[in-house]
Amino acid sequence: MGTFVQLLVNGLGKGAVYALLALGFVIIFKATEVVNFAHGSLVLVGGYVVFALKDTLGWVPAALLGIIGAALVALLVERVFLANARRADPNSLALLTIGLDVIITEEIVRRVGAAIPFIGDPYDAQPLQVAGITIFRTQAIALVVGAVLVTAFLLAFRYSSWGVAMRAQAENKEAAALMGIRSSRVTATAWLVAGALAGVAVLFMATQDFSGAGLGRGTHAIALIAFPAAILGGLDSTAGAVVGGIVVGLTEALSAQYISFEFSKSAVFLVMLLVLVIRPSGLFGTKELSRV
């Protein structure tokens, strides 16, 4: 029983991080109908800024600058590469993000070199012992931070003027424009928010506790596991992104313990496929994947 509770807490911690990343996929898709496959490279951008600055500025200022850096690079991608091709087919733009992802990822991997460092120094510590249950410090903090950020995001999405504009644009872009909603501003803000969430997520991902993968291709691959989370919950559903992230985190943690670590990555995709067979639009989505 103790092992199961431990896996549950650690899985929820991972799920909170995946939920942040899945939210990034969803809000960009809602704003532009483009699947952003460059999301993994935004994670590396944030991590690289922390890695480059933490010895000079300290971890906390470097982490804040990493979040800001990931957000600004996301905005740059949208303004320079996507805004000028707004009339292009969304599938073509998705392919463009794949190319950008390769370029950014390879450049960061080249700069980091063979060291593949961990950046979460405040979290690479001894696990917490609570009532005889071992809880990884990173997962516990990730769960708290993820819960706070997800709650803040959902409240802003529901009640703020930006959230109302985003939902209106997702429902009917032409009607939203006639109501005075500036599509370019909504889209730019969506990319900024998605980039910032990626910058937060890497603070937990590039640590020993989370996966043992440092700042490199391993962390990039882990970031893309959030895509099945977004698909599972529904690519056009913010609440679905949160649920999908939690499901993916728990699936990974439980299958790694009770089946095998190697199978845990496949288990995530098997769960996604099972959900899509039963409900092609995802658990909470309205748009089927085949129509994306």
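This write-up is about the structure you can find in this document. Owing to the predicted nature of the structure, the values given are computational and were not obtained by experimental measurement.

Rules used in this analysis
Residues numbered from 1 in each chain as written. Predicted model: local features only at pLDDT ≥ 70, side-chain atom pairs only at ≥ 80, totals over all residues. Heavy atoms only, no water. Patch = residues over 30% accessible without salt bridge, like charges linked within 9 Å, V, L, I, M, F, W, Y side chains within 5 Å. Areas by Shrake-Rupley, 256 points an atom, 1.4 Å probe, with all protein chains shown as cover. Salt bridge = Lys/Arg side-chain N within 4 Å of Asp/Glu carboxyl O. Helix = DSSP H or I, 4+ residues; strand = E, 2+ residues; numbered from the N terminus. Buried < 20%, exposed > 50% of the residue type's maximum accessible area, 1.4 Å probe, protein only. Axes fitted to C-alpha atoms, helices over the stretch in contact; angles between N-to-C directions. Parallel < 35°, antiparallel > 145°, perpendicular 65-115°, else oblique. Left-handed = near helix turned anticlockwise from the far one by under 90°. Contact = heavy atoms within 4.5 Å. Nonpolar A, V, L, I, M, F, W, Y, C, P; charged D, E, K, R; others polar. Phe/Tyr/Trp six-rings, centres within 6.5 Å; stacked < 30°, edge-to-face > 60°.

## Description of a nonpolar patch on the surface
Here is step 1: A surface patch of nonpolar side chains, about 390 Å² in accessible area, is lined by Phe 4, Leu 8, Tyr 258 and Ile 259.
Here is step 2: Inspection of the secondary structure assignment puts Phe 4 in helix α1 (residues 2–32).

## Some details on the environment of Leu 203
Here is step 1: By secondary structure assignment, the location of Leu 203 is in helix α8 (residues 183–205).
Here is step 2: Taking the relative accessible area as the measure of exposure, Leu 203 reaches 8% and is therefore buried.
Here is step 3: Taking the C-alpha atoms as reference points, Leu 203 and Ala 114, separated by 89 residues in sequence, lie 20 Å from one another.

## Quick notes on the pattern of salt bridges
Here is step 1: Taken as a whole and assessed by the stated rule, the structure comprises 5 salt bridges.
Here is step 2: Between Glu 107 and Arg 110 there is a salt bridge, with the nearest N and O atoms lying 2.6 Å from each other. Here Arg 110 and Glu 107 lie together in helix α4 (residues 90–112), a separation of 3 residues that amounts to about one turn.
Here is step 3: Accessibility expressed as a relative area gives 56% for Arg 110, which makes it exposed.
Here is step 4: When the shortest N-O distance is used, the salt bridge between Glu 107 and Arg 111 registers 2.8 Å. Separated by 4 residues within a single helix, Glu 107 and Arg 111 lie in helix α4, roughly one turn from each other.

## Description of the packing of helix α3 (residues 59–82) against α4
Here is step 1: Relative orientation of the contacting elements α3 and α4 amounts to 125°, with a least axis distance of 12 Å. Here α3 is positioned oblique relative to α4, judged by the angle of their axes. The element α3 and its partner α4 pack so that their crossing is right-handed. When α3 is examined against α4, the residues Val 77, Phe 81 and Leu 82 are found in contact with a partner set consisting of Leu 93, Leu 96 and Leu 100.
Here is step 2: Residue composition of the contact of α3 with α4, grouped by class: 6 nonpolar, no polar and no charged.

## Observations regarding the packing of aromatic side chains
Here is step 1: Applying the stated criterion across every chain yields a total of 6 aromatic pairs.
Here is step 2: Measuring from centroid to centroid gives 6.2 Å for Tyr 48 and Phe 51, while their planes differ by 45°, and the two rings are tilted. Of this pair, Tyr 48 and Phe 51 are both found in helix α2 (residues 39–57), 3 residues apart, which corresponds to roughly one turn of the helix.
Here is step 3: Accessibility expressed as a relative area gives 26% for Phe 51, which makes it partly exposed.
Here is step 4: Aromatic pair Phe 157 and Trp 162: ring centres 6.2 Å apart, planes at 70°, arrangement edge-to-face. Residues Phe 157 and Trp 162 agree in their burial class; the two are buried.
Here is step 5: Ring-pair connections join several aromatic residues into one group, and the members of that group are Phe 25, Phe 37 and Phe 227.

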